[in-house]
Amino acid sequence: DKTVAETILNQLGGSRFVAMTGAKFLLARPNGLSFQLPSNFATLGINRVRVDLTCQDLYNITFMRCRGLKVLYETCVEGIDCEQLQQVFADSTGLAVRL
C-alpha cells in the first residue's frame, strides 16, 4: 500500500518538490517514504532522506550522507507535524521546496 508514501510526497509538495530538489529513486516504505538527493546539492552533503509516520500521527525525518553502503553522517528530527514537513526539510538541507 503506497497511501502513506503518496501522502508524504503530497505534503512535501508533490511533483514540484521533486523538480525543486532533484529527488529521485522515491521508494514507498511500509510507514513512510525514502528518496535520494543529488550528491553535493544539499547542506552537509545530505543525499538520502527517510520520512516515517509514527503511531502518534507525526513524522520522523532522517537525513543521511552516504557513500555506497556506508553512512557518513546521519541526523533525525522527530515529532514533526505535517504542516512542518516542508520547513524542516528546507532548514535541514538548505533546499527550497517551492518558489
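Our subject is the structure listed above.
Here we summarise the structure given alongside this text. All of these numbers come straight from a predicted model, not from anything done at the bench.

**Focus on the packing of aromatic side chains**
(1) Moving on: Considering all chains together, one arrives at 4 aromatic pairs under this definition.
(2) Moving on: With a centroid separation of 5.0 Å and 70° between ring planes, the pair formed by Phe 17 and Phe 89 is classed as edge-to-face. You can see Phe 17 sitting in helix H2 (residues 14-21) and its partner Phe 89 sitting in helix H3 (residues 85-93), a full 72 residues away along the chain. For the pair Phe 17 and Phe 89, a shared accessibility class is recorded, and that class is buried.
(3) Moving on: Taken together, the aromatic side chains of Phe 17, Phe 35, Phe 63 and Phe 89 make up a single cluster linked through ring pairs.

**A short note on helix H1 (residues 3-12)**
(1) Moving on: Listed in full, the buried residues belonging to H1 are Ala 5, Ile 8, Leu 9 and Leu 12. Here the buried residues of H1 occupy an arc of 100° about the axis, which is enough to place them on one side.
(2) Moving on: On its buried face, H1 sits against H2, strand E1 (24-29), strand E2 (32-36), strand E3 (48-53), strand E4 (59-67) and H3.
(3) Moving on: Where H1 ends, the next residue or the one after it, Gly 13, has phi of about 135°, a positive value.

**With respect to the sheet that holds E3**
The strands making up a sheet associate through backbone hydrogen bonding, with each pair oriented either parallel or antiparallel.
(1) Moving on: Spatial ordering of the open sheet is given by E1-E2-E3-E4-E5, a layout of 5 strands whose pairing is antiparallel. Each having just a single partner strand, E1 and strand E5 (70-80) make up the two edges of the open sheet. Neighbour-to-neighbour, the strand axes of the sheet open up by a mean angle of 15°, direction not taken into account.
(2) Moving on: Relative to E4, E3 runs antiparallel, the two sharing 6 bridges. Paired with Arg 50 across the two strands is Thr 62, which belongs to E4.
(3) Moving on: Here H3 sits on the sheet in contact with E2, E3, E4 and E5, set at roughly 25° to E4.

Cut-offs and rules
Residues numbered from 1 in each chain as written. Predicted model: local features only at pLDDT ≥ 70, side-chain atom pairs only at ≥ 80, totals over all residues. Heavy atoms only, no water. Phe/Tyr/Trp six-rings, centres within 6.5 Å; stacked < 30°, edge-to-face > 60°. Helix = DSSP H or I, 4+ residues; strand = E, 2+ residues; numbered from the N terminus. Buried < 20%, exposed > 50% of the residue type's maximum accessible area, 1.4 Å probe, protein only. Arc of directions from axis to C-beta. Contact = heavy atoms within 4.5 Å. Pairing = 2+ DSSP bridges. Axes fitted to C-alpha atoms, helices over the stretch in contact; angles between N-to-C directions.

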